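Here is what each chain is made of, one letter per residue.
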Amino acid sequence: MATLLSQPKRRPPLLRQAIKIRHRRGRVGDLQDPLPQRAQEIEPPSHHFSPEERALLYEEALYTVLHRLGQPEPNHVREASELLRYLQEAFHMEPQEHQQMLQQVQELEKPTFCLKATVKQAKGILGKDVSGFSDPYCLLGIEQGVGVPGGSPGSRRRQKAVVRHTIPEEQTHRTQVVTQTLNPVWDETFILEFEDISNASFHLDMWDMDTVESVRHKLGELTDLHGLRRIFKEARKDKGQDDFLGNVVLRLQDLHCREDQWYPLEPCTETYPDRGQCHLQFQLIHKRRATEASRSQPSYTVHLHLLQQLVSHEVTQHQAGSTSWDGLLSPQAATILFLHATQKDLSDFHQSMAQWLAYSRLYQSLEFPSSCLLHPITSIEYQWIQGRLKAEQLEELAASFSSLLAYGLSLIRRFRSVFPLSVSDSPARLQSLLRVLVQMCKMKAFGELCPNSTPLPRLVTEALRTGTVEWFHLKQQHHQPMVQGMLEAGKALLNLVQDIVGDLHQCQRTWNKIFHNALKIDLFSTAFLELQWLVAKRVQDHTAAVSGSVSPELGESLFQLYISLKELCQLGPIPSERDRALALDGFHRWFQPAIPSWLQKTYSVALARVQRAVQMDKLVPLGELTKHSTSAVDLSTCFAQISHTARQLDWPDPEEAFMITVKFVEDTCRLALVYCSLIKARARELSAGQKDQGQAANMLCVVVNDMEQLRLVIGKLPTQLAWEALEQRVGAVLEQGQLQNTLHAQLQGALAGLGHEIRTGVCTLAKQLEVGIATHIQKLVGIRESVLPEDAILPLMKFLEVELCYMNTNLVQENFSSLLTLLWTHTLTVLTEVATSQRNCPLASRRLKVVLQNLEICFYAEGCGLPPEALHTATFQALQRDLELQAASSQELIQKYFCSRIQQQVETTSEELGAVTVKASYSASEQKLRVELLSASSLLPLDSNGSSDPFVQLTLEPRHEFPELAPRETQKHKKELHPLFDETFELGSNSAAVGEPEG
């Protein structure tokens, strides 16, 4: 006889009975054992059990393995010995203790084995009624003692009514009848007891309920010939006899612990082989387990403790191997927990509940991924019905929510130390924790069990704010100096501010995105507002304690603190985006007393560095392309450091910022002039013991190059100190032009001083060459006449080639150009003096003319030397003209004279002396020049009567070229200023040159 599971009775252990349970929607919780009363607790209990509790739990686990039923799941462990070894390790049992416990469990009474069978539905069954449908129901039961090893109940001769004819009626169970359908749905569950799984088989027969009806009623339901055939067939059978629809026969030993499949309905004859399918669910469970834990505690609680023990072992095993548990149970643990849940008939919902409670407790004491909590959260949310749980379970679940939330908030409050960025997976771990808390607080269960809970974003924000303050105080305590004093306190405060800046950078780059994505919380703003207020109070107290003059050490500490505070403020929002003032606003005013110390320290350090750089300088070029020495490089770095200090300071007050910049420029210019003095003294020091004048010249070249490099560096001050931005800032507080008159005047003064020093050095180099140039020019004048001018100037050109090549190698381009300019000017002066003294010597003048031509080419150097406009000075042009005249012969001078006259005639455009009309042609074959004098006009009156007597004279010039030709004249015209000549002349000559007629 079957009874409901909710009303169990004591039965003889060998009496095989079945318990039928009809499913009631939403009443799955009724299947659970009652839970004991528990007091509400917020703090999670320890995951460690007492020795007595551990012994009871170990007995339960051994009992589960020893009385295993069904085929193993694909990924589960098959061998019981392996599971027992795992349990021994998980419970830390000694071998002797393990054997003793194992023997005790083996002596316990076996449990009652049951098959929990659920008949879900069927589809495609035969239609036995006249209407084409059936009224199906199922008979099911377990046949005991007929199984044959290796055989199958299906191999027996097919027969109808296996259940009805072979299984006792009290062990036979029946579903409800579903009328007029070919796809019935039952969803009914039955508990079927059996004794030995090896020779037990499950049988299900499906029948069509046949009720007694009149022929008229059946004819009314007739729809086709098949229905008529069914009427004739029913007429031949007994009234009320049900029709067989098919059966399912399964050996229990072939089943897994849990099965959920569609099974084909087997026919009894071959008439209708396809009889549809039946959906069945099976679970092999225990009843009346003999363990103490099963008798004294609810199944749900026992499974929770077992899960907690095994997960704790899994986590500690991974920690022992220096690895992190990934949330996946080992095959042994998964097998044991699956067997226990199945044997204890725990629902999926209660398994999820147990998993949640175990994991949420262990997470608070062991280190494993919080993502393991997401699966039970999802499962509970999906299956949540508050009525499934008793009050004690609801209380326990609410306590777990509160406990995990409090623990999670404590981790968030300490996230800087719990999730350090030095560990690569820290951001992912924090993100996972936030996701778990968000999902938990969104659960219907959480909303119903914790209705008064503060919204999670507000809780997290408060935790972050509190944690930031706590972190600040811990850092402050960590940096507390061992020795009390202003300098030590300043260093400690500086280290604290630097740690805060670093933390805010981490919040900005990493943490803020995580909190914003999860909860829309701006962690960076929260941390910044708290920290800036705490920092401001301590910095203000520290700077207020500074009195009187500030020592260099204290000034340096204050400067570094100022720079760190600037960086801290730059991380915050700009003033236009803030809704309130910050405690650090205007913090620069706290440091005003230290400004003189900072400026003096900057200058002192720079001066010491310049002196050290010059003292160590050997005045040797750094390389073939870099022609200045080491001190120039050090000086450039020194000035760059001053500019960097000025940019770091970036004083907010415009007027004070202007005064600070003036001081920086003044100090920089002063350092430049000091450097010039030091580097010249260094050159004198190094050249004092040198006998080689060439080495001294080398050093002088390096000195000049160093000064030129310094001039380039000084010229960049307006850019490096951002004068344009400063001018925009101080425009409202300074008078018009004050910045130009102050800063630019300082700069121009320094550049002028450097330029003077450079010119002085270049002049010194030029004087060394001028003597050689003058000597060679004087020598070439006295060379004998037989030497050609091109050969006479060779010593001078070789001297210049050697010396200028040397200077070009050792001087930068700017200084080399200056040297060339000085040498060219001096050379022209020497040439002019010699040309004047040798005016009456054509030979010397010709040589000097060749010298001037070659020197022009030399100093131009194919565009690499002086440009043409620098070469062709007034002195050069006058000298060139004089030398050309002095070097020319008489005939050449006459030729030049007439060429100039011709050029003069071409350039004449006015008719002040009148004009004459001439027509000329030359016959090459006859070598004759034909000249036609036509007329004249506007002649000047030269007589006293106001008129003239004009005539024209024709000659071929120069006359020494045409000695045989006499001058020719036209007729005279009396008292005529506009004569008409109209005369033609033919001038013949054997010479190839024919001159222009002159009138």
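In the nomenclature of an unreviewed UniProt entry, the protein chain is known as Unc-13 homolog D of Equus asinus. Per UniProt, the protein chain has the following entry under Sequence similarities (unreviewed entry): "Belongs to the unc-13 family."

Caption draft 1: Representation of the packing of helix α25 (residues 723-730) against helix α26 (residues 738-781). With their axes 11 Å apart at the nearest point, α25 and α26 run at an angle of 155° to one another. On the basis of the axis angle, α25 is roughly antiparallel to α26. The two elements α25 and α26 cross, and the hand of that crossing is right-handed. Residues Trp723, Leu726, Glu727 and Val730 of α25 form the contact with α26, whose participating residues are Leu739, Gln740, Leu743, His744 and Leu747. Class assignment for the residues of the contact of α25 with α26 results in six nonpolar, two polar and one charged.

Caption draft 2: Structural view of the sheet that holds strand β4 (residues 173-174). Taken together, the four strands give an open sheet; going across it, the order is β4-β3-β6-β7, and neighbouring strands pair in antiparallel fashion. Unpaired on one side and paired on the other, β4 and β7 (243-251) mark the two borders of the sheet. Pairing geometry for strand β3 (residues 136-144) and strand β6 (residues 200-208), over nine bridges, is antiparallel. When the bridges of β6 are listed, Glu143 appears paired with Ser201.

Caption draft 3: Seen up close, the pattern of salt bridges. On inspection of all chains with the given rule, the structure shows 26 salt bridges. Measuring nitrogen to oxygen at the nearest pair gives 4.0 Å for the salt bridge that ties Lys344 to Glu60. A residue pair is termed long-range when its members are at least 10 positions apart, and Lys344 in the loop between α9 (331-343) and α10 (348-363) and Glu60 in helix α1 (residues 51-66) qualify at 284 residues. The same class applies to Lys344 and to Glu60, which are both buried.

Caption draft 4: Seen up close, the environment of Ala750. As for its placement among the helices and strands, Ala750 is situated in helix α26. Sequence spacing of Ala750 and Val665 is 85 residues, and the spatial spacing of their C-alpha atoms is 9.8 Å.

Caption draft 5: Region of interest: unusual backbone geometry. The omega torsion of the bond from Glu957 to Pro958 falls at -10°, within 30 degrees of zero and hence cis. Its location among the elements puts Pro958 in the loop between β12 (953-954) and β13 (968-969). Notably, His92 is not glycine yet its phi reads approximately 55°, a positive angle. Looking at the secondary structure, you find His92 in the loop between α2 (80-90) and α3 (95-106). The phi dihedral of Gln180 is positive, around 45°, even though this residue is not glycine. Note on Gln180: relative accessible area 38%, which makes it partly exposed.

Criteria and thresholds
Residues numbered from 1 in each chain as written. Predicted model: local features only at pLDDT ≥ 70, side-chain atom pairs only at ≥ 80, totals over all residues. Heavy atoms only, no water. UniProt positions renumbered as here; feature names shortened; annotations may be inferred. Axes fitted to C-alpha atoms, helices over the stretch in contact; angles between N-to-C directions. Helix = DSSP H or I, 4+ residues; strand = E, 2+ residues; numbered from the N terminus. Parallel < 35°, antiparallel > 145°, perpendicular 65-115°, else oblique. Left-handed = near helix turned anticlockwise from the far one by under 90°. Contact = heavy atoms within 4.5 Å. Nonpolar A, V, L, I, M, F, W, Y, C, P; charged D, E, K, R; others polar. Pairing = 2+ DSSP bridges. Salt bridge = Lys/Arg side-chain N within 4 Å of Asp/Glu carboxyl O. Buried < 20%, exposed > 50% of the residue type's maximum accessible area, 1.4 Å probe, protein only.

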